[in-house]
Amino acid sequence: MKSVLLKQFLSLTRPVPLAIVICYLLYPVFISFQTSREGVTLNATMLMGLMLAMIGSILSLSVLTSDNNNGWDKFMATTPVSRKQIIRGKYLFSLAAEFICVLSATIPSVALMVMTTGFNFKEWLFIFSVLLGLAVCIFALVAPITVRFGHMAGLVTFIVVYMTILVGGVIISATMGKNEAGISMLLDMIKTDKYVISAVFVGVSITVAVISMMISEAVYMKKEF
Amino acid sequence: MSAIEIKGLSKNYKDFGIKNLDLTVPGGCVVGLVGENGAGKSTTIKLILNLIRRESGSIKVLGKDNIKELDDVKEDIGVVFDECCFPLDLNPKALGRIFRAAYKNWDAEAYSGYLKKFELPEKKKVASFSRGMKMKLSIAVALSHHAKLLVLDEATSGLDPVVRDDIIDILLEFVADDEHSILISSHIVSDLEKICDYIAFIHKGRLMLFEEKDKIYEQYVVIHCTEKELAAIKPEAVMGKKVGHFGAEAIILKNEVPQGIQGYPVDIEKLFVFMVKESA
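Keep in mind the model is a prediction, meaning the values are calculated, not measured.

Reading the values: rules and limits
- Residues numbered from 1 in each chain as written.
- Chains lettered and ligands numbered in written order.
- Predicted model: local features only at pLDDT ≥ 70, side-chain atom pairs only at ≥ 80, totals over all residues.
- Heavy atoms only, no water.
- Domains from an automatic or database assignment.
- Contact = heavy atoms within 4.5 Å.
- Buried area = accessible area lost by both parts, 1.4 Å probe.
- Salt bridge = Lys/Arg side-chain N within 4 Å of Asp/Glu carboxyl O.
- Helix = DSSP H or I, 4+ residues; strand = E, 2+ residues; numbered from the N terminus.
- Nonpolar A, V, L, I, M, F, W, Y, C, P; charged D, E, K, R; others polar.
- Axes fitted to C-alpha atoms, helices over the stretch in contact; angles between N-to-C directions.
- Parallel < 35°, antiparallel > 145°, perpendicular 65-115°, else oblique.
- Left-handed = near helix turned anticlockwise from the far one by under 90°.

### Focus on the domain arrangement of chain B
How big an interface is tends to be stated in terms of accessible area lost as the parts join. Residue and element names in this part refer to chain B. On domain assignment, one finds that chain B holds domain 1 (4-204) and domain 2 (216-279). The gap between the C-alpha centroids of domain 1 and domain 2 is 34 Å. With 9 residues of domain 1 at the contact, the number on the domain 2 side is 10 residues. Between domain 1 and domain 2, the buried area comes to about 780 Å², and carbon and sulfur atoms account for 76% of it. Among the residues of domain 1 in contact with domain 2, E193, F201 and H203 are the three that bury the most area, contributing 62% of the side total. Counting every contact that joins domain 1 to domain 2 gives 0 salt bridges. Broken down by secondary-structure element, the contributors of at least two residues to the side of domain 1 that touches domain 2 are α7 (189-195) and β9 (198-203). No other element matches the 4 residues that β9 contributes to the side of domain 1 that touches domain 2. Partitioned by chemical class, the residues of the side of domain 1 that touches domain 2 number 5 nonpolar, 2 polar and 2 charged.

### Points about the packing of helix α8 (residues 121-149) of chain A against helix α11 (residues 194-221) of chain A
Residues and elements named next belong to chain A. Axis separation between α8 and α11 bottoms out at 8 Å; the angle between their running directions is 15 degrees. Judged on the interaxial angle alone, α11 and α8 are roughly parallel. Crossing geometry of α8 relative to α11 is assigned as left-handed. When the residues that make up the contact of α8 with α11 are grouped by side-chain class, the tally is 19 nonpolar, 6 polar and 4 charged.

This is the structure:
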C-alpha cells in the first residue's frame, strides 16, 4: 500500500496546492457573493470552503479514473500490491487530500476570528467538520460508482450530488428565513453544543467513507482489465 | 518446474473466445505466442496474470495457481504491456521510488544501470518519452526486481528495427541461464524467430501448433509444385497451401516431399500465414 500512497502523493503534489492557491486568489470573488438572511449567512469563507471541498472531491475522484484510463491500475494489479491495498491506498490518500483542502479553507475564518473576536476553537472545529463531512460524504457516494462504471458515470453522479446539496441548501435557507420557529430551532441546535454536532459530522462521514471503501473493494476485486 | 502451465483454458466473449487452450512455458525457455490481431494473445496473457477471470481450465504460474496463489509469485513476474502504463506526469526516478515500495526484491542499482544503458533520462517526465523509450522503461522496470518470469504482450509492436533489436538482445541476456523464462506475444514473427525456443500459434482463440522452433525448421519445408502434384500428397502432411495461376506453394512435412520436388527451408511467418489461411 505504501507504493500506492507514494504514487498518489507524487501525482498530486502540484494539483492540490495549486487548487488551494487558486481558491485563495478567488477569495475577493467569493466576498462579492456573500449574502445574509435572518440567522443564516453564506459568507466568503463558507463559499471558499465549499469550493475547496468540491475541488478536493474532484481531485480525489480523478485519482480513481486517470489511473484506470492510462493503464496504471492494470499494471499495479500485476505487482505484489493486492487489489485491496490499491483501493485502500487510493481512498486513504483521497481522504487526506480532502482534509488538506478543507483545512486550508478554514484559514481565512481563523484569520478573521483572530482579528476580531479572538480564535474560537469550537467555532473553527464546527466549520471544519461540516465542510469535511460534506466533502467526504460526496466522495464516498461517488467513488464506488466511479470504480464500477467509470469516469463519466462518476462525474455525472458528482454533479448531481453537488447540485442537490447546493440547491437543497438554498431552499432550506429560504424556507428557514420565512419560518421563525424553524430559525429558532436551527439556532438553538447550533448553539446547543457545536462539539456534539462536529462529532456527529465527523462520525457520519467516517462511517460513510468506510462503507464506501468496502463497496469499492468488492467491486474492484471483480474488475477485469 | 514449468514457468507456466495452462490446461483446458476457456474464456468467452460475445464475438470471440479462448477455447480449451493447453500451453506450457517450460522452465528456462522462451515461448513465443504468435497470432494475428484479435487471435487471443493478449486475452491469454491477461488470463495468465489474472487480469481477467477464466471460465474453465487451470493455470499455474511458477507452480502456483494463478487465482488463489498468484500474489505469492507476483514478486517473481515481470510484465511488459504493449502500451506504457506508467503515469505520464512522473519521471523514472519517481517510478523507481514507487516500485521500491512495491517489490521486496527491487534492485535500485540494477534499475539505475538499465536507465543508463537505455539512455533514459531519470528526471524527465514519461510524457516526453518516445514510444521506444517508454518501452525500454517498461523493460527496465520488469528486469529490476530479479524476476524469474517475464511476460511481454506485444512489447515490440510499433518500434523501429534498431530498438527492437536492442530489446531482443536484452531478452537474450535475461534467459542466458536456465533460471529465467519468457512468454512473449507478437505478430512480428521475425522478432520471435531470433529469441524463441518454442513457438505457439494461436488463431481465433485456438492453439493451432505448439512446437520447438528448431523442430519446425527440421520437420517442415516449402515446396513449389503443380496443383496435380499437390493433390497427390497426403492431406495430413500439408500444413497449408496457396494455389495460384502459376502453380501451388505449400508447406508440408519434410518426409512427405514427393520425388523430384525440391523442398526449401520454411520460415515461421510463412508457416503461420499458410496455416491460418488453410483453417479458413
